[in-house]
Amino acid sequence: MILAYFTAKWCGPCQHISPIVSEFSDKFAEKFEFLKIDLDENEEISDRFNVDCIPTFLVLKNGEVVETLSGANQKGLQTILEKNY
């Protein structure tokens, strides 16, 4: 599975949750590939997945979005990772 993390360099909440995402990428490495996607550098990808706020997290399984989380919500991120682990 893939966890796509949509972020931007200028986003304060993204900077706040970034170390937590790194921690989770180690913890859940067996099951998830973590992809950090800069919104400003990858507009086509963010448009494809209708990302309209950041940070946004998408869990993809076989190319399909199975979970979505918007905002710097550590507990919510942990929940969707554990649910799909």
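All chains use their own residue numbering, which begins from 1 and follows the written sequence. Note on the predicted model: pLDDT of at least 70 is required for a residue's local features to be given, and 80 or more for side-chain atom pairs to be given and counted; whole-chain, interface and lining totals, by contrast, use all residues. Heavy atoms throughout the structure, all of them, feed into the side-chain values; hydrogens and water do not.

A. The arrangement of the overall build of the chain in detail. Assigned secondary structure in the chain consists of 3 helices and 4 strands. Listing each helix as α and each strand as β along the chain from the N terminus yields β-α-β-α-β-β-α. Note on method: radius of gyration uses C-alpha positions; expected globular size equals 2.2 Å times residues raised to 0.38. The globule rule puts the C-alpha radius of gyration for 85 residues at 12 Å, and the 12 Å found for the chain is close to it. Its C-alpha atoms put the chain at 30 × 25 × 15 Å along the principal axes. Secondary structure elements are defined from DSSP: runs of H or I of at least 4 residues count as helices, runs of E of at least 2 residues count as strands, and each element is numbered from the N terminus.

B. Spotlight on the packing of helix α1 (residues 12-27) against helix α3 (residues 74-83). Axis definition: a line fit to C-alpha positions, over the contact stretch in the case of helices; interaxial angles, taken between N-to-C directions, run 0 to 180 degrees. At a minimum axis separation of 11 Å, α1 and α3 run at an interaxial angle of 20°. If you check the angle between α1 and α3, you find them roughly parallel. The hand of the α1/α3 crossing is right-handed. On α3, the residues touching I17, I20, V21, F24 and K27 of α1 are Q74, L77, Q78, L81 and E82. For this scheme, ten residues count as nonpolar: Ala, Val, Leu, Ile, Met, Phe, Trp, Tyr, Cys and Pro. Four count as charged, namely Asp, Glu, Lys and Arg, and the remainder, Gly too, count as polar. A breakdown of the residues in the contact of α1 with α3 according to their chemical character gives 6 nonpolar, 2 polar and 2 charged. By definition in this entry, angles of less than 35 degrees are roughly parallel, angles greater than 145 are roughly antiparallel, angles of 65 to 115 are roughly perpendicular, and the rest are oblique. Note on convention: the crossing is left-handed when the near helix lies turned anticlockwise from the far helix by less than a right angle, right-handed when the turn is clockwise. Between two residues, a contact is recorded if the distance between any of their heavy atoms is within 4.5 Å.

C. Structural view of a negative patch on the surface. Residues enter a patch when their relative accessible area is above 30% and they make no salt bridge; the linking distance is 9 Å between like charges and 5 Å between nonpolar side chains (Val, Leu, Ile, Met, Phe, Trp, Tyr). Computed with a 1.4 Å probe, the accessible areas rest on the Shrake-Rupley method; for each residue, only the protein chains presented here act as cover. Each salt bridge in this description consists of a side-chain nitrogen of Lys or Arg and a carboxyl oxygen of Asp or Glu lying within 4 Å of one another. Positive charge is attributed to Lys and Arg, negative charge to Asp and Glu, and no charge count is given to His or to the chain ends. By convention, the point assigned to a charge is CZ for Arg, NZ for Lys, CD for Glu and CG for Asp. Taken together, the side chains of D40, E43, E44 and D47 present a region of like negative charge at the surface. In this structure, D40 sits in the loop between β2 (33-38) and α2 (43-48).

D. Up close: α1. In this analysis, the expected span of each helix is defined as 1.5 Å times one less than the number of residues it contains. Compared with an ideal rise of 1.5 Å per residue, which puts 16 residues at 22 Å, α1 spans 24 Å between its outermost C-alpha atoms and is within 8% of the ideal. The bend at a residue is defined as the angle formed between two axes, one fitted to the seven residues ending at that residue and one fitted to the seven starting there. The largest bend in α1 comes to about 35°, at S18, with the proline P19 one to four residues further on. Listing the buried residues of α1 in full gives C14, I17, S18, I20, V21 and F24. Considering only its buried residues, α1 is in contact with β1 (2-7), β2, β3 (56-61) and α3. We call a residue buried when its accessible area falls under 20% of the maximum for its residue type, exposed when it is over 50%, and partly exposed in between, using a 1.4 Å probe and counting protein chains only.

E. Structural detail: unusual backbone geometry. Along the chain, I54 connects to P55 via a cis peptide bond; the corresponding omega equals -5°. By the element assignment, P55 lies in the loop between α2 and β3. Backbone geometry at N50 places phi at a positive 55°, although glycine is not the residue there. Looking at the secondary structure, you find N50 in the loop between α2 and β3. A relative accessible area of 64% places N50 in the exposed class. Backbone geometry at N62 places phi at a positive 55°, although glycine is not the residue there. Summarising the element assignment, N62 is placed in the loop between β3 and β4 (64-70).

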